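Summary of the model geometry
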Amino acid sequence: HIDGVNTARPIWLYAAGQPERLANAARLESETAAASARLFADDLPEAERRLSQMATTAPGNVGIRTSRASVWRSRAWPRRAEADLKIAETQAPRALSVEVEQGLTALDLSEWRQVEALSDDIITRFPENLSARRLARLWDVHNKAELRIEGEYGFGGGSPLTGNRDRGLQAVLYSPPIAYDWRVFAGAGHAGSRFPEGKGDHDWTFAGIDYRVRDLSAEAEVSRHRYGDGGKFGGRLAVAVDLDDHSQIGVAGEILSRDTPLRALRNGVRADGVSAFYRWRAHERREVRVSAQALWLDDGNARLTTLTQATQRVYTRPLFRVDAGFDLSAGFNSRSNVAYYSPDAEVAALPTITFTQILHRRYQTVWDHSLTLGAGGLWQRDFGTGAILSAGYRQSFTTNDVFTVSGGIGALYRPYDGDYEPDFRASLNLTYRF
């Protein structure tokens, strides 16, 4: 509809007795609306192309620059949006559209004091404006406490890796921000399963502090673990740095790592570990993440695992999208004659395809579901090559900016030491701000 309206409006107007042509303000309005329609329909590349072309033609137009900044922010390029808004600020420093976009961009960049100043100024001057109220709402949500709960339950035949009827549950509570940049948190978790040699259980509690500023986030925590033979204290430190709009790196170190296989814990084996990752995100449709982890288990085994994940959007409609993925993982252990699954070397490649459909969307309420299918291969030293098949279905519901819940079921069929084992599991994740 908006394309039809836009085509019907001429770019120039000619008035009788007027020797010079006049720019048609209505055409500018419909051109901007046509670009915004692509933004709301999730066609961000086309929205960016249209607005960039308009910004080149009319570099002094503040509305076009703020609209393009909105698109760049939606493409996860807040620094690029910030640069555009700085130019717009020189022309209209207190324009509502400029300040709103600056506030939203500052929120993405963890510039908390700037968000507060802009939100307070806008809501004071325009208390009934919906854009002003939207920014104020997001700032209010940011200043709430946050509860995260995640759990899963496996009901497969009992693989050497996870055991039989394995389960896991963790809850963590974050405080509201303290002095803008800090949050304290505390949580607890449980993991358990059944193995041929008996039940394995791991209970843990932890508390720590979270720090978030522009280009940097960090968490430090202390933890206490119980494996059925008394309690032990551990700790974790993780740091992530944003290099620019596309790249992020991070490192973490952990004493009594929670990634230690539960079967190893069942047999009295503990582990410390370090990990690192690099993420490159071209835009909302393409991302590559490379990570590596080293675990030193106290039975003398040294374990190294690597994982490369890539995603690429292949189809987009307003309520439907298709994403292709590819996971390449590798694992190496210095010892294989241990009580838990510990192959000398294995490499797995798993291409996937994910279909996501939005079932309902109204403002900040979104209900969607997705189906992921994968088929690939796995090579394990001394056991040759085998096939990997995976499938997963998930539903997610978000409302009022403060509540998100998602749940799903999944199936994995792959070999362990040459023997195929099916693995079926259900999972649930919940986030609530209050």
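Residues numbered from 1 in each chain as written. Predicted model: local features only at pLDDT ≥ 70, side-chain atom pairs only at ≥ 80, totals over all residues. Heavy atoms only, no water.

1. Notes on the pattern of salt bridges
- A complete count under the given rule lists 48 salt bridges for this structure.
- Here Arg-148 and Glu-146 are joined by a salt bridge, their closest N and O atoms 2.9 Å apart.
- With a relative accessible area of 35%, Arg-148 lands in the partly exposed category.
- Across the pair Glu-219 and Arg-236 runs a salt bridge whose closest N-O atoms are separated by 2.7 Å. Of the two residues, Glu-219 sits in strand S7 (residues 216-226) while Arg-236 sits in strand S8 (residues 231-242), which places them 17 residues apart along the sequence. (Salt bridge = Lys/Arg side-chain N within 4 Å of Asp/Glu carboxyl O. Buried < 20%, exposed > 50% of the residue type's maximum accessible area, 1.4 Å probe, protein only. Helix = DSSP H or I, 4+ residues; strand = E, 2+ residues; numbered from the N terminus.)

2. Quick look at unusual backbone geometry
- We note that Ala-179 has phi near 55°; this positive angle belongs to a residue other than glycine.
- Checked against the element boundaries, Ala-179 lands in the loop between strand S4 (164-174) and strand S5 (182-195).
- Unusually for a residue other than glycine, Tyr-363 sits at a positive phi of about 55°.
- Locating Tyr-363 in the fold gives a position in the loop between strand S14 (345-362) and strand S15 (365-380).

3. Some words on the pairing of strand S12 (residues 302-317)
- Relative to S12, strand S11 (residues 286-297) is paired through 11 bridges, and the arrangement is antiparallel. Counted as the bridge partner of Glu-287 is Thr-311 from S12.
- If you look at the hairpin formed by S11 and S12, you'll find four residues sitting between the two strands, and Gly-300 has a positive phi there, around 95°.
- The pairing of S12 with strand S13 (residues 320-333) spans 14 bridges and is classified as antiparallel. (Pairing = 2+ DSSP bridges.)

4. A closer look at helix H4 (residues 62-74)
- Between its first and last C-alpha, H4 extends 19 Å over 13 residues, near the 18 Å set by a 1.5 Å rise per residue.
- Most of H4 sits out of view: 11 of its 13 residues are buried.
- Those residues of H4 that fall on the buried side of the exposure criterion are Val-62, Ile-64, Arg-65, Thr-66, Ser-67, Arg-68, Ala-69, Ser-70, Val-71, Trp-72 and Arg-73.
- Those residues of H4 that are buried are in contact with helix H2 (25-40), helix H3 (44-57), helix H5 (78-91) and helix H6 (96-108).
- Taking the backbone nitrogen of Gly-63 as reference, a side-chain oxygen 3.0 Å away marks Asn-61 as the first, capping residue of H4.
- Following H4 by one or two positions, Ala-76 adopts a phi angle in the positive range, close to 65°. (Expected span 1.5 Å × (residues − 1). Contact = heavy atoms within 4.5 Å. Polar contact = N/O pair within 3.5 Å; in protein donor to acceptor, adjacent residues only side chain to side chain.)

5. Here's the deal with the packing of H3 against H4
- Look at H3 against H4: their axes get within 9 Å of each other, and the N-to-C directions meet at 150°. One finds that H3 runs roughly antiparallel with respect to H4. The way H3 lies across H4 gives a crossing that is left-handed. Where H3 abuts H4, its residues Leu-44, Ala-47, Glu-48, Leu-51, Ser-52, Met-54 and Ala-55 lie against Ile-64, Ser-67, Arg-68, Val-71, Trp-72 and Ser-74.
- Residue classes in the contact of H3 with H4 are distributed as eight nonpolar, three polar and two charged. (Axes fitted to C-alpha atoms, helices over the stretch in contact; angles between N-to-C directions. Parallel < 35°, antiparallel > 145°, perpendicular 65-115°, else oblique. Left-handed = near helix turned anticlockwise from the far one by under 90°. Nonpolar A, V, L, I, M, F, W, Y, C, P; charged D, E, K, R; others polar.)

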